[in-house]
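A structural walkthrough
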Amino acid sequence: MRELREPGCCERHESTLPDVDISGILSQKPKNIPFVEIAEPVESSEPSWRKLGDGDVLKAIDGTLFGRLCRYFCSVSEPALPIAVGIAKSLTLCGAALSRPRSASPSAMAKMRAQGNIAGQIGIGPLLGLNMIDTGGGQIPNFYSILVAPSSSGKDIGGLLEQLAVRHNWYIGDAGSAEGLADAFIKMPNGILSISELQPWLDVKCWQHNAVPFLTKSFNKGFFKSSFSSRGGHGNIRAADYCYPNILACVQPDVLRKIADKSDLENGFLGRFLFARMVHVLCQPNSFDLQKTLDEMSLLLEAFKRKEGVIHIEKGYSASLGKMFSKNAPEEIDFTWKRLINEYYPRFAFLLSLTDDPATQRCETELKNIDWERAEQLVLWFFANAERLLLNIEDRNVDSRIRARETLLEKVCRKIQRLDRGNGVTIRDISVSGIRNSNAKERRDAISELIDRGIVVPLGDGRYRIDHCPPEWSDN
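Read on for an overview of the structure. The structure presented is a predicted model; accordingly, all values stated were derived computationally and were not measured. (Residues numbered from 1 in each chain as written. Predicted model: local features only at pLDDT ≥ 70, side-chain atom pairs only at ≥ 80, totals over all residues. Heavy atoms only, no water.)

**Section: the sheet that holds strand β8 (residues 246-251)**
- Taking strand neighbours across the sheet as the criterion, the five strands line up as β4-β5-β8-β3-β9 in an open arrangement whose pairing is parallel. The strands lining the two open edges of the sheet, one partner per strand, are β4 (171-173) and β9 (274-277). Each adjacent strand pair in this sheet contributes to an overall mean axis angle of 20°, direction not counted.
- As paired strands, β4 and strand β5 (residues 192-195) are joined by two bridges and run parallel to one another. Residue pairing across strands places Y171 opposite I192, the latter belonging to β5.
- This element, helix α5 (residues 83-98), spans β3 (144-148), β5, β8 and β9 of the sheet and lies at about 155° to β8. (Pairing = 2+ DSSP bridges. Helix = DSSP H or I, 4+ residues; strand = E, 2+ residues; numbered from the N terminus. Axes fitted to C-alpha atoms, helices over the stretch in contact; angles between N-to-C directions. Contact = heavy atoms within 4.5 Å.)

**Side note on the pairing of β8**
- With six of six residues buried, β8 is to be regarded as a mostly interior element.
- On β8, burial covers both faces: N246, L248 and C250 on one face and I247, A249 and V251 on the other are all buried.
- Pairing between β3 and β8: five bridges, direction parallel. Paired with I146 across the two strands is A249, which belongs to β8.
- By the bridge criterion, four bridges tie β5 to β8 in an arrangement that is parallel. Directly across from I192, in β8, lies its bridge partner N246. (Buried < 20%, exposed > 50% of the residue type's maximum accessible area, 1.4 Å probe, protein only.)

**A look at the pairing of β9**
- The alternating pattern of β9 places L274 and A276 and F275 and R277 on opposite faces, both of which are buried.
- Where β3 meets β9, four bridges bridge the pair, whose relative direction is parallel. Across the sheet, S145 pairs through a bridge with L274, a residue of β9.

**Here's the deal with the sheet that holds strand β13 (residues 456-458)**
- Strand order in the open sheet formed by three strands is β12-β14-β13, and the pairing between neighbours is antiparallel. Each edge of the sheet is formed by a strand with only one pairing partner; in this case those strands are β12 (425-426) and β13.
- Direction of pairing for β12 relative to strand β14 (residues 463-466): antiparallel, over a ladder of two bridges. Paired with V425 across the two strands is Y464, which belongs to β14.

**Brief notes about helix α15 (residues 334-352)**
- In a regular helix each residue adds 1.5 Å, so 19 residues correspond to 27 Å; α15 covers 25 Å between its end C-alpha atoms and thus fits that length.
- Maximum bend of α15: about 50°, positioned at Y344, with proline P346 one to four residues after it.
- Among the 19 residues in α15, 15 count as buried, and that is most of the element. (Expected span 1.5 Å × (residues − 1). Bend = angle between axes of the 7 residues up to and from the residue.)

**With respect to the pattern of salt bridges**
- One pass over the full model with this rule turns up 13 salt bridges.
- Across the salt bridge formed by E387 and R50, the nearest N and O atoms sit 2.7 Å from each other. Note that E387 is positioned in helix α16 (residues 369-390) and R50 in the loop between α2 (23-27) and α3 (54-61), a separation of 337 residues in sequence.
- Its salt-bridge partner being D62, residue R71 comes within 3.9 Å of it at the nearest N-O pair. (Salt bridge = Lys/Arg side-chain N within 4 Å of Asp/Glu carboxyl O.)

Below, the structure written as structure tokens:
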């Protein structure tokens, strides 16, 4: 400002510097400076099924008749129930429609008589099925499903499954002894057993548990002949040449974890089920026309009931999935993915081949690439659910103190997940939020153990965050 006030300041020119040659400086090369290479982004090593969400499954079943059935089951509440509810219930209904015996179809019986099978009853098991997938000597598309959901979550709103099962004469009931179930499946070989609470079936002290061996072998054997006890102490032989049950069982997550035993996995009972895990959602019953809904759902089921014949499958259909699972899946639940890819995978493809296109609703079935792609998404989704649930089942042979420690580690891990808003969580935050049956030392020891396992990382300022959460502990 002082210079601006001086007279003639506007007539001054900038002083010019003499020319300086700096080419020598510019030509010099830096010495001893390490070369830094920017690495390419590393792709996540997370298995593909852990990246899959309910939205991906919704896309996979969109445009199929199965998807429309799922939406009806979910629409009974506001907001709509999670898709896990619709999938588990729709599988049971569609399984009953597709696993009927040939004797249920007049046209199929006429074909059998024309081929010399006058009574229509030559053979046993899959040979008598209305629809047979030509793998492993013949598979019938029935389904065992478990819906894992909290109590009072809304999963039973509407009672649509039982209403439709009764309407189509498929309803077996919700409980039964081995003898009673055998009698029921003799009359209704593709019947639906709707178990509202699975706990008694898993508890060795309850009478329903005695029926578990019968249901285990009935899944895919296709027939039975057994000597059961009867009143008066006399043995009674019950037999059926065709038997493919369809089961929907409901259970709470904590009940499954505490009541189920490793033996239930090893003996194959739980291993035969598809696990649909319902995420927590606050919903209220919706207002809808029950009769209209049942009529529209029955109309969709008629398309499945029209199907009959042999579904041809290419050899090696599950090879790529098997290679992926054998490399990345936990060994403890390898039975789950093996059954998924070998038995349920072609059933899913068959189920999802029915769309709004009338050509797909004819009696004959020809599977296309898109059917297999959709089925693969279901396989991955179901395995992700099974991984989160089955790895949590406690081994009762393990010391109770070790089980209690693992339970505390899981609680602390989940607490950090829920409390973290992006800047980590302190031990005080964890303690104040409330973890029952633990003291300060145990919680600090739990943090240290989680750090050693690489699950939790310290941020350096007394805060901690989750680096990666084991899938069986995840809330998502």
